[in-house]
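Summary of structural features
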Amino acid sequence: MSTTNGIGDGLNEGAREPAAGHPAIPSQDDRNPDARNPDTRSGAGWLGAGRAARRAHTRAVIHQASSVLLGYPDEVFFERLPLAARAAAELPRSQARTDLLEFCEHASTTPELALAEHYVEVFDLRRRRALHMTYYTDGDTRRRGHALAEVKRVYAEAGWRVSARELPDHLAVMLEFAARGDAEAGQELLVNFRPGLDLLSRSLGEHGTPYARVVDAVRYTLPAPRRADEERVRRLAQEGPPAEDVGMEPYGARPRVPLPLTDITGRPR
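Residues numbered from 1 in each chain as written. Predicted model: local features only at pLDDT ≥ 70, side-chain atom pairs only at ≥ 80, totals over all residues. Heavy atoms only, no water.

Its place among the elements puts His 63 in helix H2 (residues 51-69). For His 63, a relative accessible area of 1% corresponds to the buried category. In this structure the side chain of His 63 is engaged in a polar contact, spanning 2.8 Å, whose partner is the side chain of Thr 221. If near-sequence neighbours (up to four positions away) are discounted, His 63 is found in contact with Leu 175, Ala 178, Ala 179, Gln 187, Leu 190 and Thr 221. (Helix = DSSP H or I, 4+ residues; strand = E, 2+ residues; numbered from the N terminus. Buried < 20%, exposed > 50% of the residue type's maximum accessible area, 1.4 Å probe, protein only. Polar contact = N/O pair within 3.5 Å; in protein donor to acceptor, adjacent residues only side chain to side chain. Contact = heavy atoms within 4.5 Å.)

What follows deals with the pattern of salt bridges. Tallying each qualifying case throughout the model produces 11 salt bridges. Residue Arg 144 pairs with Asp 169 through a salt bridge whose shortest N-O separation is 3.2 Å. Of the two residues, Arg 144 is situated in helix H7 (residues 143-157) and Asp 169 in the loop between H7 and helix H8 (171-180); the sequence distance between them amounts to 25 residues. This pair shows no difference in class: Arg 144 is buried, exactly as Asp 169 is. Connected through salt bridges with shared partners, the residues Arg 194, Asp 198, Asp 216 and Arg 219 form a single ionic network. (Salt bridge = Lys/Arg side-chain N within 4 Å of Asp/Glu carboxyl O.)

Here the structure, examined in full by the defined rule, presents 9 aromatic pairs. Aromatic pair Tyr 119 and Phe 123: ring centres 4.9 Å apart, planes at 65°, arrangement edge-to-face. For the pair Tyr 119 and Phe 123, one class covers both residues: buried. Judged by centre distance (6.1 Å) and plane angle (75°), the ring pair of Tyr 135 and Tyr 136 falls under edge-to-face. The class of Tyr 136 is buried, set by a relative accessible area of 3%. (Phe/Tyr/Trp six-rings, centres within 6.5 Å; stacked < 30°, edge-to-face > 60°.)

Geometric descriptors of this kind do not, in isolation, establish any biological role.
This is the structure we're talking about:
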């Protein structure tokens, strides 16, 4: 049995594995079961929910919309784009809402081929604009395999399965997990990879790409960076991710398209 929540094909209730297609954006009803009950909407429903519940819903929508917007801009992406924009428009007024809407406007007015070419050009491992978060912590080293396994373990403990065609550290995959899998574990993953997110944001901003707005929207959902995080960002900016060229094929070999091809669109490329 599956449910459909606006974008994508929903979840399998038993396995909690995303079905093929772009991820869904949680509706208020999905994040707050009381909102489905007409007898509770005036009191214990969404409007009557506590501030923490509303913040959690807002964070989930930002994460899910960002997951969709960071996917490769193929035909399915453009089918989902209006729904992502609608979900962003329903968010409370904030800089994250503004950033997501501005990117949606950019994506909707850019020719499809041009946006796809821009996506490939922007997310280049050699230019510190990778969407794979363990690249920032472990670079082209043997340790990265362990880091990937650790991320996958977090998913498995939450009952969330990732396709064998995906690397679990792709930012879009992490964001979908945070929105629809385990919010607490997903948020912890994002916080742990905060230095990489901050460096990615800085690099995208310096490059002048609108994708910087999407990453910034994600960063607004995180607590303020710690001094240690700021120091790690400074070192990453100066030195780059760790490198190890002996004994393994480097992850950083420049691809024609971002590798690995994360199956968040459900379509082979």
